[in-house]
Structure formats: structure tokens, C-alpha cells
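Commentary on secondary and tertiary structure
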Amino acid sequence: MSDQVYDIMHMDRRVAKIDTSGRCKIYYPSFMPYHLYLDDASPDVDTLVNNVTNFYYWCATRVLTLDRTYAKEILNSIGMKQAVTDRERAQIALSYRCASLTDVFWVREHTERVTFSDINLYDNHLSNAFIDISLRGRQYTVDNHSMARDLSTNGCFPKAWRRVEDGFLLLKDGGEDAVKRELLASQIARCFDVSQVLYEADVFDGECVTVSRNITSKEFSIVPMDAFEIYSLNHGRNIRKYILNLDRHNYYMMNIIDYLTGNTDRHWGNWGVLVRNTTNKPVSLHPLMDFNQTFYSYDTPDGANCQTLFGRKATQREAALEAVKRIGLNQRREVERDCFAELPEYYDMFVQRLGILKEKTVDL
């Protein structure tokens with residue numbers, strides 16, 4: 001039985017090929033996915049095993065994780081098994097050519113004559129049924145390919161894409177409290193000079209959700225920091241120095257906003273770089289997003305441990321004070337008390353934390 005051969009594509013550029021035994025050929029190293037490492041120079045057994053393992057893992061990251069709400073219901077609805085291993089999840093992603101709304105990479109069988117315009121999710125229709133299933137866990141029977149290829153949004157809260165005339169909107173549920181917290185944090189962030197995703201209130205199926213615009217397109221992709229860190233290590237890059245040279249303003253503002261909003265979920269899959277697709281090179285950090293786990297560890301001025309300090313340990317308060325020292329507070333306008341109408345219990349601590357940062361600006 002012969003090995004299956006796949007082309008790894010960046011839009012219509014074939015950047016590499018790999019077969020199921022791990023033999024590969026890289027044609028355009030600078031256009032490889034940031035979180036896929038393949039070695040085409042060494043034919044030894046260990047290298048071949050690593051290649052196929054890395055390939056399946058990368059494919060698996062392009063489908064939803066099973067701890068996501070309603071994940072099992074979604075997989076049942078498309079008639080696929082509830083995958084457990086990376087290889088099983090990879091097979092789900094490969095069934096819809098690993099298409100994603102986070103970037104322009106995809107995979108085709110080597111013998112296929114399929115183009116990016118045929119399969120990319122920016123131009124091709126998304127099933128309306130997908131919204132109901134992913135947000136409410138409803139059981140529908142739908143076409144495998146039209147449904148499964150849209151399951152590429154990571155995270156543990158129910159999410160769904162809605163196509164609109166000029167792009168996509170992301171709907172997020174998670175309960176009334178999570179929706180209110182994300183909306184409040186978004187209102188606070190708008191009062192500061194930081195690149196950010198704007199979250200608005202919406203209603204789906206009679207329940208409140210947040211809605212925001214997709215930040216990727218055929219022009220720009222995003223790479224999460226955990227993937228970018230692996231890429232940097234593989235290429236001998238000092239990631240802290242690189243990020244500060246790339247976009248020091250939005251890096252430090254991220255730490256300020258996370259402190260003010262009590263965001264304890266800024267793990268390295270929750271921030272990253274914005275990449276220009278014509279070059280596959282970072283241009284900045286991507287806009288600040290995901291605020292539905294804010295106002296935790298919000299009972300003291302120190303906050304939680306900061307997760308974005310490249311190995312250093314510090315509280316969110318310490319990280320925010322360092323950020324103010326480096327770039328200032330950059331507040332555009334006052335945060336009105338009316339913003340806290342739905343969650344008034346957080347107002348006093350917000351004022352206290354903001355006061356701590358303002359005192360730092362006086363000292364500078």
C-alpha cells in the first residue's frame with residue numbers, strides 16, 4: 001500500500017509536501033506555517049517519525065478541541081467520530097483540507113487540482129446551521145464538508161461564525177455573566193490607546209451573546225504566541241527582544257488593560273502576531289481580544305500572576321506598573337461609572353487599580 005502524499009499550501013503557493021511515512025520536501029521555507037517544523041535534510045527514522053508527528057499535530061490544531069462546549073455534539077452532528085488522538089483530529093481537519101479562518105494555509109492531496117479560491121472560507125459559503133449547533137448544541141444532520149470545515153475556532157466557550165456582506169462576525173456565548181464581563185472589559189479598553197477587537201451586545205436564540213468582527217482576511221493572518229515562540233526557538237530568535245522591537249506599545253498596553261480588567265486568561269494562545277500574507281512576516285501584535293474571563297482575581301489590587309512576561313514572574317500590578325513606566329498610561333478618555341451599570345460590584349476595584357497606575361504617571 002503506497003503512502004498518502006499531501007501538499008501544504010499557502011494560498012496557491014505549494015510550500016511543502018509530505019507523505020504519511022514522514023518524507024517531505026520544503027519548497028519555500030519562509031512561507032511555512034509558523035507552528036509546523038519539518039526536516040527534509042535528514043532521512044533517518046527518528047526524523048521521519050518527527051515529521052509525520054509534527055504534521056498530524058499541526059493539522060489537529062486546525063480543528064476544535066474536545067474540551068470546547070458542545071464539541072461532541074458538533075462532531076456527532078457531522079457524522080464523525082469523537083476524535084481523541086492528534087491523528088484522529090488531523091483526519092477531521094484533512095477532510096476539509098485544513099481550511100481555517102485564522103490564516104491562509106491549507107492542505108490538499110498531491111494529485112488534486114484544487115485552488116485556494118475553491119476552498120478558502122473567506123469566499124466560500126458557511127452553513128447557517130453551524131451557528132445553531134455550535135452555540136446551542138443542537139443536533140442537526142448536515143453535509144460533512146460544509147459543516148466540519150468551520151470548526152476551527154479554539155477556546156472553551158461556545159462560538160460561531162456568521163457571514164455578513166463584508167466579512168465575518170464572531171458570536172460568543174458562555175452564559176450571561178461571561179457576556180456582561182466581556183462587554184464591560186471592551187468598554188474599558190476603548191478608553192485607552194490600544195489595538196483591540198471591539199465587542200458589542202447581540203441576541204441569538206433569545207439569549208445574549210457578544211459579537212465582534214473577524215480580524216483575519218486574505219490579506220492578514222494571526223499566529224498565536226505559543227506557536228510563534230516555538231518558531232523563534234527553532235530559528236535562534238530572542239522572542240522578547242523581537243516582540244518589543246515589533247510592537248512595544250501594544251505589548252505594554254496589553255499588560256495595562258489586563259490589569260485594569262482583571263483578565264486571568266492571557267495565556268500564550270490568547271495573544272500573538274498579525275502576519276501579512278503576501279510576505280508571511282509579522283507586522284505587529286494582533287488586536288487585543290478575548291475578554292470573557294475578566295474580573296477574576298479582582299478582590300485585591302495585585303491581581304493574578306502576569307502570563308506575558310517571557311519567563312519572568314510578576315503580578316499583574318507589577319507588570320502594569322512597568323508598562324506605564326515604559327510607555328505611559330495612554331488613556332484617551334475617562335471610564336464613566338455608567339459602564340459598570342450591569343456589574344457595579346467591580347467599579348471600586350477598577351477605580352483603585354486605575355489610581356495606582358495614575359500615581360505612577362505622576363512619578364515619571
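Residues numbered from 1 in each chain as written. Predicted model: local features only at pLDDT ≥ 70, side-chain atom pairs only at ≥ 80, totals over all residues. Heavy atoms only, no water.

The pairing of strand β1 (residues 5-10) with strand β2 (residues 13-19) spans six bridges and is classified as antiparallel. In the strand pairing of β2, D7 is matched with K17. The hairpin turn running from β1 into β2, its antiparallel successor, is two residues long, and M11 in that turn takes a positive phi close to 55°. Pairing between β2 and strand β3 (residues 24-26): three bridges, direction antiparallel. Its bridge partner being in β3, K17 is matched across the sheet by K25. Linkage of β2 to β3, two consecutive antiparallel strands, is achieved through a turn of four residues, within which G22 is found at a positive phi near 105°. (Pairing = 2+ DSSP bridges. Helix = DSSP H or I, 4+ residues; strand = E, 2+ residues; numbered from the N terminus.)

This next bit is on the layout of surface pockets. The space that makes up the second largest pocket amounts to roughly 170 Å³. Taken together, 13 residues line the second largest pocket, and the ones lying closest to its centre are Y122, D166, G167, T216 and S217. (1 Å grid on protein atoms, 1.4 Å probe; cavity = no way out; pocket = protein on both sides within 12 Å on 5 of 7 lines; lining within 4 Å. Points joined across faces, edges and corners; volume = space filled by probe spheres on them.)

So, on to empty space enclosed by the protein. Here the idea is plain: a probe the size of a water molecule rolls over the atoms and shows the empty space left. Scanning the entire structure with this criterion turns up four cavities of 30 Å³ or more. Counted as a void, the largest cavity has a volume near 70 Å³. When grouped by side-chain class, the residues that make up the lining of the largest cavity number seven nonpolar, five polar and no charged. (Nonpolar A, V, L, I, M, F, W, Y, C, P; charged D, E, K, R; others polar.)

On to the pattern of salt bridges. Pairs can form between side chains of opposite charge once their charged atoms are near each other. Counted according to the given criterion, the structure contains 20 salt bridges. Across the pair D19 and R23 runs a salt bridge, and its minimum N-O distance is 3.1 Å. According to the relative accessible area criterion, R23 is partly exposed, its value standing at 48%. With a shortest N-O distance of 2.6 Å, R62 and D103 are connected by a salt bridge. Remark: D103 occurs in the loop between α3 (86-95) and β4 (105-109) and R62 occurs in the loop between α1 (45-60) and α2 (71-77); sequence separation between them is 41 residues. What makes D103 buried here is its relative accessible area of 6%. Through salt bridges with shared partners, a single ionic network connects D3, D19 and R23. (Salt bridge = Lys/Arg side-chain N within 4 Å of Asp/Glu carboxyl O. Buried < 20%, exposed > 50% of the residue type's maximum accessible area, 1.4 Å probe, protein only.)

Right, let's talk about the side chain of D19 for a bit. Structurally, D19 can be placed in strand β2. Taking relative accessible area as the criterion, D19 reaches 9% and is therefore assigned buried. A polar contact is formed between the side chain of D19 and the side chain of S21, at a distance of 2.6 Å. Not counting residues up to four positions away in its chain, the partners in contact with D19 are D3, Q4, V5 and V52. (Polar contact = N/O pair within 3.5 Å; in protein donor to acceptor, adjacent residues only side chain to side chain. Contact = heavy atoms within 4.5 Å.)

The four strands are arranged β3-β2-β1-β4 in an open sheet whose pairing can be described as antiparallel. Both edges of this open sheet fall to β3 and β4, since each of them pairs with a single strand only. This sheet shows a mean twist of 25° between the axes of neighbouring strands, independent of strand direction. Docked against the sheet, α1 engages β1, β2, β3 and β4, running at close to 125° with respect to β2. (Axes fitted to C-alpha atoms, helices over the stretch in contact; angles between N-to-C directions.)

Direction vectors running N to C along helix α10 (residues 316-327) and helix α11 (residues 347-363) enclose 35°, while the axes themselves pass 9 Å from each other. Crossing geometry of α10 relative to α11 is assigned as right-handed. Where α10 abuts α11, its residues Q316, R317, A320, L321, V324 and K325 lie against R353, I356, L357, K360 and T361. Residues of the contact of α10 with α11, tallied by class, amount to five nonpolar, two polar and four charged. (Left-handed = near helix turned anticlockwise from the far one by under 90°.)

What follows deals with the packing of α1 against α3. Their axes nearest at 7 Å, the elements α1 and α3 cross at an angle of 60°. One finds that α1 runs oblique with respect to α3. Once α1 is placed against α3, the crossing between them reads as left-handed. Here F55, Y56, Y57, C59 and A60 of α1 lie close against α3, whose contacting residues are D86, R87, R89, A90, Q91, A93 and L94. For the contact of α1 with α3, the class distribution of residues is eight nonpolar, one polar and three charged. (Parallel < 35°, antiparallel > 145°, perpendicular 65-115°, else oblique.)

On to the pairing of strand β5 (residues 159-164). Direction of pairing for β5 relative to strand β6 (residues 167-172): antiparallel, over a ladder of six bridges. Along β6, the bridge assignment pairs K159 with K172. Between β5 and β6, which follow one another and run antiparallel, lie two residues.

Per-residue confidence for the protein gives a mean pLDDT of 87, with 85% of residues at or over 70. In the predicted structure, residues 126-131 sits below a pLDDT of 50 and forms 17 contacts with residues beyond four places in sequence or in another chain. Low pLDDT, under 50, characterises residues 140-152; the stretch is placed with 43 contacts to residues that sit more than four places away or in other chains. (pLDDT = per-residue confidence, 0-100.)

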